[in-house]
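The lines below spell out each chain.
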Amino acid sequence: MQSKWNDGRPMEQFAAEFIKPNDRLSSFDRLEIYNRQYWFRILDCLYDDYPGLLAVVGEEQFLKLATAYLTKYQSDSYTLRNLGDRLEKFLLDEPHWTEPQQPLAIDMVRFEWAQVVAFDGPAKPVVTPDDLIDTPPDKLRLGLQPYLSILKLDYPVDDFLIGVKKDADSLRGEASNAMNSAPSAHRESTQIPLPQPEVTYLAVHRFDNMLYFKRLEPEGHIILEALAAGSTLEAACVQAVEQSTRANPDWQALIKEWFDNWAALGWFCRR
Amino acid sequence: MPANPFNGHTEYGIGIGLRVPHYRHILANKPVVDWFEIISENFMVDGGRPLEVLDQILEQYRVVQHGVAIYFGSADKFDREHLRRLKRLVKYTGTPWLSDHLCWGSVDGRYTHDLLPMPYTFAVAQHTAQKIREARDYLEVPICVENVSSYAEYHVSEMTEWEFLSEVVEQADCGILLDVNNIYVSSQNHNFDPYDYLNNVPHSRVGQIHIAGHSKFEKYILDTHDHPVLDPVWNMYAHAMKLCGNTATLLEWDDRIPSFEEVHNEALKANQFRDNIVASSQKNR
């Protein structure tokens, strides 16, 4: 615990003003039990949700940055699910916590937050062929499921995380009213080489309520990003074709294959 | 006394907490369990696996909701989004009663995610009772408040914890989720006789009982929910059942969770005490 209260008084003195000591513990000692439990609980949550970031920066630095993050951004939600929702912003604002791996760390945090969203984010009814049949492509605007994240990353963090995670389905522990007898933070972190830069397009989603991530073609990423931004189906496809560097592709076949696949995964909904 | 307004006039038996490591076993094997307690906040989500599991559980079992974040004792007003989601879940599960803790845990919209002890004053009791009434009126379900385990006491307290609990529930006209393990933990940490606590709460308001394991350290006991129930707690449970009658009981096991069978068998040990109560009441007829 901090040694001094906000007004400069020693914490022992401050604690004694409102907490009774007993025959075994001082006021400060009793307050310290709660202080430790607080940090065990919220740090454990970040350890559970961000094993990839832990592997990128190492255990010692992860503990430092997580502590700094949680000091700056205290939980403002009744649920621990949202504890990491400002971690990307924090690491962008304060790059020294992740140097020299800041770009990789940022990619990993975006990827891991996308998994939190995919795990229990809302779903909308998927569009059916009947919903689309009367709308021409230059008028058709498709929505993407709220739980789906489309990411353009500078590192192949998906492969890296697969190597790191022992249990790909594990997210944070459940809320409970139990106290921790010890921090579970010092779990083993797998020592695998950090990935080399490689532009990677990813969709993070769920199917049958299981969490998945899927590589996208660059043009597929352009189409999905454009649809998410509100473009019509036609405009999104034209944008992808114009920006493509492929030589003589069969666009009709490619785009049909992608859309068949995305539709089968239930990614499209009404806007 | 087991069925009362505070548990929706139900007569539930021995339940266990629904926990992730047991999902696969429960859904595949459909073991006979009288009821499951769910942590409300784990299911107040918009979609995905948690709600799919809940659907499947509700097809087979009775479910009671237990919360960890409503914070009746916080000075803040309720988080309306929290209450809105909680009400949606209450309607979804059909929980006959809802429980959460007699504690505080948030300040100015910042959450500790802990169950912090309250100063036992009349002013705090009045404030807390008012919030319980407000929550019950909005949620439209009976509420039981649970006594928490604690590691600190305040100089400003004007009464014992059991007097405070009694004051709150009488003012709020709500039920009690009597956690006998928490009473034991607090009694060891604060040097009081746990049977004074048990004997002096309004037994007619007890809608549910919790039992759990704890961990002993050199200078204090921690409510870890990672062990079987220890003998002193079983003895207190037996006494509580005599005082309160055959009350819905739940075993909490939240950390280092063993197999489903081990947790369930530990919970079913409570049956011997319940059987004694039933036999005794039949003898007295």
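### Focus on the interface of chain A and chain B
Step number 1: Contacts between the two partners involve 36 residues from chain A, matched on the other side by 42 residues from chain B.
Step number 2: Every element with two or more residues in the side of chain A that touches chain B is listed here: helix 2 (27-49) and helix 6 (102-120) of chain A.
Step number 3: Among the elements that take part in the side of chain A that touches chain B, helix 2 of chain A stands out by supplying 8 residues, more than any other.
Step number 4: A per-class count over the side of chain A that touches chain B returns 17 nonpolar, 11 polar and 8 charged.

### A closer look at helix 6 of chain A
Step number 1: With 19 residues, helix 6 of chain A extends 28 Å from end C-alpha to end C-alpha; this agrees with the ideal 27 Å at 1.5 Å per step.
Step number 2: Along helix 6 of chain A, 16 of the 19 residues are buried, which leaves the element largely enclosed by surrounding structure.

### Describing the packing of helix 5 (residues 122-139) of chain B against helix 6 (residues 161-172) of chain B
Residue and element names in this part refer to chain B.
Step number 1: Two elements in contact, helix 5 and helix 6, have axes separated by 8 Å at closest approach and are oriented at 45 degrees. By the angle between their axes, helix 5 is oblique relative to helix 6. As for the relative orientation of helix 5 and helix 6, their crossing is right-handed in sense. Here helix 5 contributes Ala-125, Gln-126, Thr-128, Ala-129, Ile-132 and Arg-133 to the contact with helix 6, which in turn contributes Phe-164, Glu-167, Val-168, Gln-171 and Ala-172.
Step number 2: Its residues assigned to classes, the contact of helix 5 with helix 6 comprises 6 nonpolar, 3 polar and 2 charged.

### Points about the sheet that holds strand 4 (residues 210-215) of chain A
Hydrogen bonds along the backbone pair up the strands of a sheet, which may run parallel or antiparallel.
Residue and element names in this part refer to chain A.
Step number 1: The antiparallel open sheet is built from 3 strands, whose spatial order is 2-3-4. With one partner strand each, in any of the chains shown, strand 2 (149-153) and strand 4 form the two edges of the open sheet. The sheet shows a mean angle of 25 degrees between the axes of neighbouring strands, direction not considered.
Step number 2: Bridge count for strand 3 (residues 200-207) against strand 4 is 6 bridges, and the pairing is antiparallel. Within the sheet, the bridge partner assigned to Leu-202 lies in strand 4 and is Arg-215.

### Section: the pairing of strand 4 (residues 98-101) of chain B
Residue and element names in this part refer to chain B.
Step number 1: Judged by which residues are buried, strand 4 turns out to be covered on both faces: Leu-98 and Asp-100 on one side and Ser-99 and His-101 on the other are all buried.
Step number 2: Pairing of strand 3 (residues 63-66) with strand 4, which is carried by 2 bridges, proceeds in the parallel orientation. Looking at strand 4, one finds that His-66 is bridged to Ser-99.
Step number 3: Taken together, strand 3, helix 4 (residues 80-93) and strand 4 constitute a β-α-β crossover, and its handedness is right-handed.
Step number 4: Pairing analysis gives 4 bridges linking strand 4 to strand 7 (residues 143-146), with the strands arranged parallel.

What counts as what
Residues numbered from 1 in each chain as written. Chains lettered and ligands numbered in written order. Predicted model: local features only at pLDDT ≥ 70, side-chain atom pairs only at ≥ 80, totals over all residues. Contact = placed C-beta atoms within 7 Å. Helix = DSSP H or I, 4+ residues; strand = E, 2+ residues; numbered from the N terminus. Nonpolar A, V, L, I, M, F, W, Y, C, P; charged D, E, K, R; others polar. Expected span 1.5 Å × (residues − 1). Buried ≥ 20, exposed ≤ 12 C-beta atoms within 10 Å, placed from the backbone. Axes fitted to C-alpha atoms, helices over the stretch in contact; angles between N-to-C directions. Parallel < 35°, antiparallel > 145°, perpendicular 65-115°, else oblique. Left-handed = near helix turned anticlockwise from the far one by under 90°. Pairing = 2+ DSSP bridges. Right-handed = clockwise from strand over helix to strand, strands pointing away.

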